[in-house]
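Chain by chain, the residues:
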Amino acid sequence: MLIARDICADYNRKAVLREVCFGARPGQITSIVGPSGAGKSTLLKVLTGDHAFAGTVRLDGRDIAAFPLRDLARIRAVLPQSTPLAFPFTVIEVVRLGLVNHPGQDHIARRALAQVGLAGFEGRYYQELSGGEQQRAQLARVLCQVWEPVGADGTPHWLFMDEPVSSLDIAHQLQVMALARQFADRGGGVVMVMHDLNLTAMSADSVALLRAGRLIVQACPEDVYRDDILGEAYGCRLEVGKTPVRGAFVLPQMVTVP
Amino acid sequence: MVTQIAASPLAGDRSRAARRLGYVLVGLLGLTCIAGLAVGAAGTSLWSALADLAVGRELALRDKVVLWDIRVPRVLMGMLVGAALAVSGAVLQGLFRNPLADPGIVGVSAGASLGAVIAIVLGGALPLAAAMGAWIVPVFAFLGAWGATMTLYRIATRAGRTSVATMLLAGIALTALTMALTGLIVYVADDAQLRDFTFWNMGSLAGATWGKLAVAVPLILLPLAASGLLARGLNGLALGEAAAGHMGIPVQRLKGAAILIVAAATGAAVSIGGGIGFVGIVVPHLLRLATGPDHRFLLPNAALLGAAMLLLADLVSRTIIAPAELPIGIITAIIGGPFFLFILLRQRGIVDL
Ligand SMILES: Nc1ncnc2c1ncn2[C@@H]1O[C@H](COP(=O)(O)OP(=O)(O)O)[C@@H](O)[C@H]1O
Ligand SMILES: [Mg+2]
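Residues numbered from 1 in each chain as written. Chains lettered and ligands numbered in written order. Predicted model: local features only at pLDDT ≥ 70, side-chain atom pairs only at ≥ 80, totals over all residues. Heavy atoms only, no water.

Where an unreviewed UniProt entry is consulted, chain B appears under the name Iron ABC transporter permease, with the organism given as Sedimentitalea xiamensis. According to UniProt, the comment filed for chain B under the heading Sequence similarities (unreviewed entry) is "Belongs to the binding-protein-dependent transport system permease family. FecCD subfamily." (UniProt positions renumbered as here; feature names shortened; annotations may be inferred.)

An unreviewed UniProt entry lists chain A under the name Heme ABC transporter ATP-binding protein, from Sedimentitalea xiamensis. Quoted verbatim from the Function (unreviewed entry) field of UniProt, the annotation for chain A is "Part of the ABC transporter complex HmuTUV involved in hemin import. Responsible for energy coupling to the transport system."

Written as structure tokens, this is what we have:
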């Protein structure tokens, strides 16, 4: 379990998160959505221990602030929104950096690359990839780190991702969502910031909706995807529909230019 | 299936090539060593001396002095200084996540010079001077380099990100400031100190003696050996501080250790060799082009190539206008300066950021 209570965080004394409570379970995909600047990335940074905050974050019952770095690296991996590289590493060299818990097991790196659809990219220079390809290469690295969704002793592993699919085309978006789904179905926990409401409705077990640093609601998609709730959070008219099999979807409405 | 994949060499994996390059560099270093021992102004022949030794004949005193007391320490010193400068450059670049960082360019060497000059001129008056003996110059050079590196890091890096432009500009300011302070101190020096300072400042391996070597060996070998422990951490750091932390790398400790290593190696190299620039940028850059930026191989290979390159430069410096000598710093600058500009132009994008 990941439990965050009464999280307040700021940038240069400007409040960015205010009394946010958040939870995520292993075996589930928990998505964080909300308009740009709502504080989604900041919340993820708080959850991964990368941003100072007031409140408590507990991962598997342990206070995140007191979690030794090495132990954390064993059970959770983090995919940032983008990762520029300083030196001319090849793709496989980048992915292999993720083998911190599986040193020398190059076959894992190979398979992770294939899973993100980059088989054959091993020898390419990372810096010469497109933004979406770089993001998928980083995902492969992160997957290497938590290759088993559950540890040998039964502790769940966690995957934190900040907008993992925002720079991808739809086929690769679906591929990445499938990877997240598989990780959760096999017992791991997935927490991700999402931009696309329809992909979120399709994939998430739990959705946390942020607006201006406050949590509006965290619930299953059916309870979050309502015209009034989403419309108010994003500040525009949205029409939420439902399909019998696939659940909610959001239809955008044309607005007039003010 | 899986074992088959594991057995075949991985496309894009340059670790084997890097290891092989290491052996080549050992060979190259061996050759430059022999050349360094064989060539010299005195005209003593290494080969006839070796032949004499082989048949058990006593060497002429003059040949013995030339070989054993001049050329051998000079070659060893050149190797140490070259290795120290190249590894300092590679570690500094890893720390700043930026291929343009060089101890000479960003002011670390200038800081070391200031420390060394303080020791030379004010030496007697300093606390613990008697206890430190011959160590006082390298120790103060280390302190100066350390202060400069810390200052530079504080200025150029905010929230884990280094601005290349800020780093280079801060390096210019830092160099100007430390050089002004150095000038101030030289101004109060007496004649004997001034002579010491001038010889040292010209940057030469000519003054290498066994005595100096005894001080330099631990000062340089220690940080060189320790740099190996940073290799994995620096690889992770290439992804950024946050990502390195997520992979379990203790980033703050890594950075502190990297700064100490750069300061110790640069301080020792500068206190021995004076102003020898650009080795720290040319060597790692060539190696990254050849076999990639993986620090597990980059650091040891940089030590080997740096040592070999400095021996070659030293060879040129003492033969090109023989029997006189050209300061070695001039040769490395003539080769390294345009090289630096070349990298700068190719990477113009990152500087404009
Ligand atoms: N490095 C920063 N310095 C100052 N303010 C920042 C910084 N990063 C984000 N912010 C501010 O914090 C708020 C939340 O940012 P963020 O968490 O990145 O939003 P989101 O990911 O939801 O788009 C925004 O108003 C943004 O302007
Ligand atoms: Mg964001």
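Chemist: Sorry if this is basic, but what is going on with the overall build of chain B here?
Modeler: Scanning chain B from terminus to terminus reveals 16 helices and two strands. Against the 2.2 N^0.38 benchmark of 20 Å for 353 residues, chain B shows a C-alpha radius of gyration of 21 Å, consistent with a compact globule. The C-alpha extent of chain B, read off along each of the three principal axes, is 65 × 55 × 40 Å. Counting only contacts in chain B whose residues sit at least 6 apart along the sequence, the fraction spanning at least 24 positions is 78%. Per element, the accessible surface of chain B, about 15,700 Å² overall, is 71% carbon and sulfur. In chain B, 23 positive and 14 negative side-chain charges are present, and the distance between their average locations comes to 13 Å. (Helix = DSSP H or I, 4+ residues; strand = E, 2+ residues; numbered from the N terminus. Rg over C-alpha atoms; globule rule 2.2 N^0.38 Å. Contact = heavy atoms within 4.5 Å. Areas by Shrake-Rupley, 256 points an atom, 1.4 Å probe, with all protein chains shown as cover. Lys, Arg positive; Asp, Glu negative; His and termini not counted. Charge placed at Lys NZ, Arg CZ, Asp CG, Glu CD.)

Chemist: Can you walk me through the interface of chain B and chain A in this structure?
Modeler: Frequently, the measure chosen for interface size is the accessible area removed from exposure when the parts meet. Between chain B and chain A, the residue contacts involve 28 residues of the former and 31 residues of the latter. The junction of chain B with chain A conceals about 2,600 Å² of combined surface from both sides, 64% of it contributed by carbon and sulfur atoms. Across the contact surface, chain B and chain A share two salt bridges. The residue A:Glu93 makes a salt bridge to B:Arg14 at a minimum N-O spacing of 2.6 Å. Those elements that provide at least two residues to the side of chain B that touches chain A are helix H1 (2–7), helix H4 (61–96), helix H11 (241–246) and helix H14 (295–319) of chain B. Ranked by the residues each element gives to the side of chain B that touches chain A, the list is headed by H11(B), at three residues. Its residues assigned to classes, the side of chain B that touches chain A comprises 12 nonpolar, 10 polar and six charged. (Buried area = accessible area lost by both parts, 1.4 Å probe. Salt bridge = Lys/Arg side-chain N within 4 Å of Asp/Glu carboxyl O. Nonpolar A, V, L, I, M, F, W, Y, C, P; charged D, E, K, R; others polar.)

Chemist: Which parts of the structure should I look at to understand the site of ligand 1?
Modeler: All names here are of chain A. The environment of ligand 1 is formed by Tyr11, Lys14, Val16, Pro35, Ser36, Gly37, Ala38, Gly39, Lys40, Ser41 and Thr42. Interatomic distance of 2.8 Å between a side-chain N/O atom of Ser41 and an oxygen atom of ligand 1. When the free accessible area of ligand 1 is taken as 550 Å², the share hidden by the protein chains comes to 61%. Take the shell around ligand 1: its biggest share by element is three residues, from helix H1 (residues 40–47). Here the shell around ligand 1 is composed, by residue class, of four nonpolar, five polar and two charged. (Near = heavy atom within 4 Å. Polar contact = N/O pair within 3.5 Å; in protein donor to acceptor, adjacent residues only side chain to side chain.)

Chemist: In this structure, what is going on with the packing of helix H5 (residues 108–122) of chain B against helix H12 (residues 251–273) of chain B? I would like to understand it.
Modeler: When two helices pack together, you describe them by how their axes are tilted relative to each other and by the distance separating the axes. Residues and elements named next belong to chain B. One way to put it is that H5 packs onto H12 with a least axis distance of 9 Å and a crossing angle of 60 degrees. Judged on the interaxial angle alone, H12 and H5 are oblique. Where H5 crosses over H12, the two elements pack in a sense that is right-handed. Touching Val108, Ser109, Ala112 and Ser113 of H5 are Val262, Thr266, Gly267 and Val270, all from H12. (Axes fitted to C-alpha atoms, helices over the stretch in contact; angles between N-to-C directions. Parallel < 35°, antiparallel > 145°, perpendicular 65-115°, else oblique. Left-handed = near helix turned anticlockwise from the far one by under 90°.)

Chemist: Where do I start with the environment of B:Gly233 in this structure?
Modeler: Residue and element names in this part refer to chain B. Within the fold, Gly233 resides in helix H10 (residues 210–237). C-alpha of Gly233 to C-alpha of Arg71: the two residues are 162 residues apart in sequence and 38 Å apart in space. Residues contacting Gly233, with those up to four places away along its chain left out, are Ile249 and Leu254.

Chemist: Quick question: what am I supposed to make of the sheet that holds strand E9 (residues 206–211) of chain A here?
Modeler: Paired through backbone hydrogen bonds, the strands of a sheet run either parallel or antiparallel to each other. Residue and element names in this part refer to chain A. The six strands lie next to each other as E6-E7-E8-E3-E9-E10, forming an open sheet whose pairing is mixed. With one partner strand each, in any of the chains shown, strand E6 (76–79) and strand E10 (214–219) form the two edges of the open sheet. Taken pair by pair, the neighbouring strands of this sheet meet at an average axis angle of 15 degrees, ignoring direction. Across the face of the sheet, helix H5 (residues 131–145) comes into contact with E6 and strand E7 (158–162) while running at roughly 175 degrees to E6. (Pairing = 2+ DSSP bridges.)

Chemist: What should I look at first to understand the pairing of strand E1 (residues 2–11) of chain A in this one?
Modeler: Side chains on a regular strand alternate between the two faces of the sheet. Residue and element names in this part refer to chain A. As paired elements, E1 and strand E4 (residues 54–59) share five bridges and run antiparallel to each other. Looking at E4, one finds that Ala4 is bridged to Val57. Examined bridge by bridge, E1 and strand E2 (residues 14–24) share seven bridges and lie antiparallel to one another. Bridge pairing links Ile7 to Val20 in E2.

Chemist: Even after reading the chapter, I still don't get helix H7 (residues 136–156) of chain B, so can you show me in this structure?
Modeler: Each α-helix turn comprises 3.6 residues. Residues three or four places apart therefore point the same way. The terminal C-alpha atoms of H7(B), which comprises 21 residues, lie 30 Å apart, in line with the 30 Å expected from a rise of 1.5 Å per residue. If you check which residues of H7(B) are buried, you get B:Ile136, B:Val137, B:Pro138, B:Phe140, B:Ala141, B:Gly144, B:Ala145, B:Ala148, B:Thr149, B:Leu152, B:Tyr153 and B:Ala156. (Expected span 1.5 Å × (residues − 1). Buried < 20%, exposed > 50% of the residue type's maximum accessible area, 1.4 Å probe, protein only.)

Chemist: Please explain the UniProt feature "domain: ABC transporter" (unreviewed entry) in chain A as it appears in this structure.
Modeler: The UniProt feature table records "domain: ABC transporter" (unreviewed entry) at residues 2–237 of chain A. Along residues 2–237 of chain A one finds 34% helix and 25% strand; the C-alpha atoms at either end are 33 Å apart.

Chemist: Looking at this model, I keep getting lost on the environment of B:Ile276. Mind explaining?
Modeler: Residues and elements named next belong to chain B. On the secondary structure map, Ile276 appears in the loop between H12 and helix H13 (279–291). Separated by 51 residues in the primary sequence, Ile276 and Pro327 have C-alpha atoms spaced 9.0 Å apart. Setting aside anything within four residues of it in sequence, one finds Ile276 in contact with Val81, Leu85, Leu310, Ile328, Gly329 and Thr332.

Chemist: When you look at a nonpolar patch on the surface in this model, what are you seeing that I'm missing?
Modeler: Residue and element names in this part refer to chain B. A surface patch of nonpolar side chains, amounting to about 530 Å² of accessible area, comprises Leu31, Ile34, Trp47, Leu50 and Leu53. Those elements giving two or more residues to the nonpolar patch turn out to be helix H2 (15–38) and helix H3 (46–54). Ranked by the residues each element gives to the nonpolar patch, the list is headed by H3, at three residues. Tracing the backbone shows Leu50 in helix H3. (Patch = residues over 30% accessible without salt bridge, like charges linked within 9 Å, V, L, I, M, F, W, Y side chains within 5 Å.)

Chemist: What is the right way to read the nonpolar core from this model?
Modeler: Nonpolar side chains in soluble globular proteins tend to end up buried together. Ranked by internal contacts, the top residues of the largest apolar core, which has 164 residues, are A:Leu159, A:Val190, A:Tyr225, A:Leu230 and B:Phe96. No other element matches H4(B), which puts 14 residues into this core. In terms of nonpolar packing, the next biggest core, distinct from the first, is built from 27 residues, A:Ile7, A:Val20, A:Phe67 and A:Leu72 among them. (Core = buried A, V, L, I, M, F, W, Y, C linked by side-chain atoms within 4.5 Å.)

Chemist: Looking at this structure, I do not really get the packing of aromatic side chains. What am I missing?
Modeler: The geometry of two aromatic rings is summed up by the distance between their centres and the angle between their planes. Under the criterion given, the structure shown has five aromatic pairs over all chains. Over the ring of A:Phe67 we find A:Arg62; its NZ or CZ atom is 4.1 Å from the centre of that ring. (Phe/Tyr/Trp six-rings, centres within 6.5 Å; stacked < 30°, edge-to-face > 60°. Lys NZ or Arg CZ within 6 Å of the ring centre and 35° of its normal.)

Chemist: Hey, could you run me through the sheet that holds strand E5 (residues 62–63) of chain A in this one?
Modeler: Here four strands make up an open sheet; going across it, the order is E2-E1-E4-E5 (chain A) and the pairing antiparallel. What marks the edges here is a single partner per strand, and that holds for E2 and E5 of chain A.

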